[in-house]
Amino acid sequence: MASLELLAVVAVGVLLMGWLSRRTGLSEPLLLLGAGCLVGLTPPFASFALSPEVVLFLFLPALLYWEALTSSVREIRENLRSIALQSTGLVLATSVAVAAVAHALGYGWPVAFVLGAVLAPTDAAAVAAVAKAMPRRILTVLRTESLLNDGTALVLLAVAVDVVTDERPFSWSGTAIAFAGSYAGGVLVGGAVALLLIPVRRRLPEPLLHSVLSVATPFLAYLPAELAQVSGVLAVVTCGLVTTRFGPRVIGSDARIQAVAFWEVASYLLNSALFVLVGIQLPATVRALTSVSLVQATLAAVAVSVAVVGTRIAWFYSVPYVVRLLDRRPRQRARRITGRRRLPLAWAGMRGAISLAAALTVPATTAEGQAVGQRDAVVFLTTVVIVVTLAVLGPTLPAVVRGARFPEDTDKTAELALARCRMSSAAMDALPELAQRFGVSERDTLRMVQDIEDRTAPAPGTARRRESIRRLEIALLQVKRDTLADLRDAGRIDDIVLRTVQRMLDMEEVRLRGRASPPAASSPSPDESSHP
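Cut-off values and rules
- Residues numbered from 1 in each chain as written.
- Predicted model: local features only at pLDDT ≥ 70, side-chain atom pairs only at ≥ 80, totals over all residues.
- Heavy atoms only, no water.
- Helix = DSSP H or I, 4+ residues; strand = E, 2+ residues; numbered from the N terminus.
- Rg over C-alpha atoms; globule rule 2.2 N^0.38 Å.
- Buried < 20%, exposed > 50% of the residue type's maximum accessible area, 1.4 Å probe, protein only.
- Contact = heavy atoms within 4.5 Å.
- Areas by Shrake-Rupley, 256 points an atom, 1.4 Å probe, with all protein chains shown as cover.
- Core = buried A, V, L, I, M, F, W, Y, C linked by side-chain atoms within 4.5 Å.
- Salt bridge = Lys/Arg side-chain N within 4 Å of Asp/Glu carboxyl O.
- Patch = residues over 30% accessible without salt bridge, like charges linked within 9 Å, V, L, I, M, F, W, Y side chains within 5 Å.
- Phe/Tyr/Trp six-rings, centres within 6.5 Å; stacked < 30°, edge-to-face > 60°.
- Axes fitted to C-alpha atoms, helices over the stretch in contact; angles between N-to-C directions.
- Parallel < 35°, antiparallel > 145°, perpendicular 65-115°, else oblique.
- Nonpolar A, V, L, I, M, F, W, Y, C, P; charged D, E, K, R; others polar.
- Left-handed = near helix turned anticlockwise from the far one by under 90°.

Draft legend 1. Structural context of the overall build of the protein chain. Scanning the protein chain for helices and strands turns up 23 helices and 0 strands. In terms of overall size, the protein chain behaves like a compact globule, its C-alpha atoms giving a radius of gyration of 27 Å where 532 residues would be expected to give roughly 24 Å. With respect to the principal axes defined by its C-alpha atoms, the protein chain has extents near 90 × 60 × 45 Å. Looking at the protein chain as a whole, 51% of its 532 residues are labelled buried. Intrachain contacts of the protein chain at a sequence separation of at least 6 include 82% that bridge at least 24 residues. In the structure as shown, the protein chain presents an accessible area of about 24600 Å², 65% of it carried by carbon and sulfur atoms.

Draft legend 2. Expanded view of helix α17 (residues 353-360). Counting buried residues in α17 gives 8 out of 8 residues, a clear majority hidden from the surface. Along α17, the residues that are buried comprise A353, I354, S355, L356, A357, A358, A359 and L360. Where the residues of α17 are buried, they touch α3 (52-69), α6 (109-119), α8 (136-164), α12 (253-287) and α18 (375-404).

Draft legend 3. Seen up close, the environment of E442. Note on placement: E442 falls in helix α20 (residues 442-454). Residue E442 is classed as exposed on the basis of its relative accessible area of 64%.

Draft legend 4. Up close: the nonpolar core. Y107, V114, L115, L119 and L397 are the most contacted members of the largest nonpolar core, which has 117 residues in total. Not counting residues up to four positions away in its chain, the partners in contact with L115 are V98, A102, V304, V378, L381 and T382.

Draft legend 5. Spotlight on unusual backbone geometry. In the Ramachandran plot, Q229 falls in the positive-phi region, its phi being about 60° despite a non-glycine side chain. Tracing the backbone shows Q229 in the loop between α10 (207-227) and α11 (232-250). Positive phi, normally seen in glycine, also occurs at R405, with a value near 55°. Tracing the backbone through its elements, the reader meets R405 in the loop between α18 and α19 (410-438).

Draft legend 6. The environment of V372, seen in detail. By secondary structure assignment, the location of V372 is in the loop between α17 and α18. On the basis of relative accessibility, which here comes to 10%, the residue V372 falls in the buried class. V372 sits 261 residues away from V111 along the chain, and the two C-alpha atoms are 8.7 Å apart. Apart from residues no more than four positions distant in its own chain, V372 is found in contact with V164, P363, A364, T365 and T366.

Draft legend 7. Main features of the pattern of salt bridges. Under the criterion given, the structure shown has 15 salt bridges. Among the ionic pairs, R488 bridges to D489, the shortest N-O distance being 2.9 Å.

Draft legend 8. Seen up close, a nonpolar patch on the surface. Together, V96, W109 and F113 make up an exposed nonpolar region whose accessible area comes to about 280 Å². Residue classification places W109 among the partly exposed positions, given a relative accessible area of 40%.

Draft legend 9. Structural context of the packing of aromatic side chains. Scanning all chains against the criterion turns up 5 aromatic pairs. Look at W66 and W263: their rings are 6.3 Å apart centre to centre, the planes differ by 5°, and that puts the pair in the stacked class. With W66 in helix α3 and W263 in helix α12, this residue pair connects regions lying 197 residues apart in the sequence. By relative accessible area, which is 13% here, W66 ends up buried. A residue is classified by how much of its surface remains accessible, and W263, at 4% relative accessible area, is buried. Grouping aromatic residues by their ring pairs yields a cluster made of Y65, W66, F262 and W263.

Draft legend 10. Fine view of the packing of helix α1 (residues 3-24) against α12. Two elements in contact, α1 and α12, have axes separated by 9 Å at closest approach and are oriented at 105°. What the angle tells us is that α1 and α12 run roughly perpendicular. Taking contact as the criterion, the partners of L6, V10, V14, G18 and R22 in α1 are, on α12, Y268, L269, S272, A273, V276, L277 and I280. Here the residues of the contact of α1 with α12 are counted per class, giving 9 nonpolar, 2 polar and 1 charged.

Draft legend 11. Quick peek at the packing of α3 against α12. α12 packs onto α3 with a crossing angle of 135° between their chain directions and a minimal axis gap of 10 Å. When the axes of α3 and α12 are compared, the pair comes out oblique. For the crossing formed where α3 meets α12, the hand is left-handed. In contact with V55, F59, A62, L63, Y65 and W66 of α3, α12 contributes V260, W263, E264, S267, L270, N271, A273, L274 and L277. Among the residues forming the contact of α3 with α12, the class breakdown is 12 nonpolar, 2 polar and 1 charged.

Draft legend 12. Quick look at the environment of S293. Position of S293 among the secondary structure elements: in the loop between α12 and α13 (294-316). Judged by its relative accessible area of 34%, S293 is partly exposed. Counting along the chain gives 84 residues from S293 to A377, while the straight-line C-alpha distance between them is 9.5 Å.

Here it is in structure tokens:
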């Protein structure tokens with residue numbers, strides 16, 4: 001099977017299933033998975049094997065980076081305890097629960113813990129695809145959890161694989177050191193890469209080069225971290241969050257618009273392609289199952305799926321209540337949510353391609369060259385759990401969200417209004433000085449004041465006057481942009497609100513730059529000739 005054929009099939013599948021999902025309202029991830037499964041049943045794709053390196057080193061960094069760029073740093077900081085508990089404690093609890101179930105079904109403890117580590121993390125792509133209707137606080141917690149729990153699970157998987165392959169005996173102290181070193185190292189590498197790229201971004205002359213750097217950034221963070229044997233996941237996420245913090249001050253509007261447009265298309269295509277590839281892999285996974293019968297493996301997969309979903313539900317209806325007993329500060333009490341509104345958090349436990357890629361990284365032989373028993377079963381169980389969680393949790397999550405009856409996010413509306421009000425006020429304050437700098441007359445300045453107040457377009461004038469006014473408008477946009485960043489830095493608005501308003505400012509600046517007066521090749525107007 002040629003790579004070109006695979007690319008064509010995946011592209012067609014993404015296009016058709018995306019269209020069908022929008023026409024029917026059916027779950028897009030599930031449709032993509034089904035389409036991939038049908039493709040995998042055809043002879044040309046019967047021997048398809050999803051490369052874990054492609055998923056972990058190509059898809060994963062890009063998807064994590066975009067998710068980090070579109071996250072809210074303020075919401076992450078305010079919900080850090082919940083996010084940390086879910087991305088570490090819940091991962092460990094799920095690993096233990098899955099391992100216990102697998103061991104009860106006849107799997108050895110080392111292989112059972114490998115399976116637990118593989119199935120512990122939720123999938124960022126799967127969660128983002130179905131959880132868009134949630135309030136931003138809940139959505140931020142879910143998205144950040146799915147970003148960070150990959151790092152925890154991959155470290156846990158590395159420890160379990162070492163035990164399975166007899167390369168290193170298990171020890172609690174060694175595991176704790178591995179976790180701490182991987183997390184700290186990943187954060188340091190990601191932060192360092194982001195800070196080193198800030199002066200580079202300031203000096204890039206063209207939007208196209210900014211876009212190239214934006215594409216390269218997640219890999220520039222991921223690769224050094226992996227080479228240093230620390231968490232590449234944490235490195236990419238940290239790099240994205242730091243870039244989100246400094247980006248509004250160092251990236252121009254035209255470069256930002258171009259980069260955002262690229263990432264929106266690329267992230268959608270990568271997410272969708274992963275679901276198709278997992279579907280294509282499913283028939284080959286069934287055919288490769290030889291260590292146990294298909295019936296036994298299917299029953300085991302159902303039991304493990306129940307353990308995965310049940311552990312998550314039990315976590316969200318137990319641990320938060322224990323935390324409530326320990327932390328009774330008024331500020332924390334005000335942030336509590338009801339049991340009804342906790343259910344969407346518990347229900348958003350879809351697994352995806354990251355789990356399958358992790359399962360495929362398990363070596364086929366031990367350090368002594370002996371075959372790793374039940375590896376084929378681990379891959380099969382992982383694939384079935386992915387299908388079950390996508391088929392059961394994904395389509396029903398919107399109904400669960402509606403049943404939670406979340407209140408309208410009035411804070412976001414208020415922050416948008418605050419941002420617009422403060423930007424207009426800052427622009428009005430800066431207008432006299434900027435008008436004098438660009439040689440704009442008092443009459444045209446008054447028109448601009450009126451334009452800021454009621455959004456009417458300034459009256460057209462001569463070409464030279466229009467150019468001065470255009471430059472003044474662009475300078476005022478920068479004043480507004482700086483004010484917007486100051487509000488974000490002060491915690492008055494969050495990154496989501498900043499990006500919403502910033503997008504409008506960027507579009508306005510691109511429009512204004514497109515109205516630039518042509519060079520002096522054209523004949524000047526009478527007014528222009530009187531002002532050499």
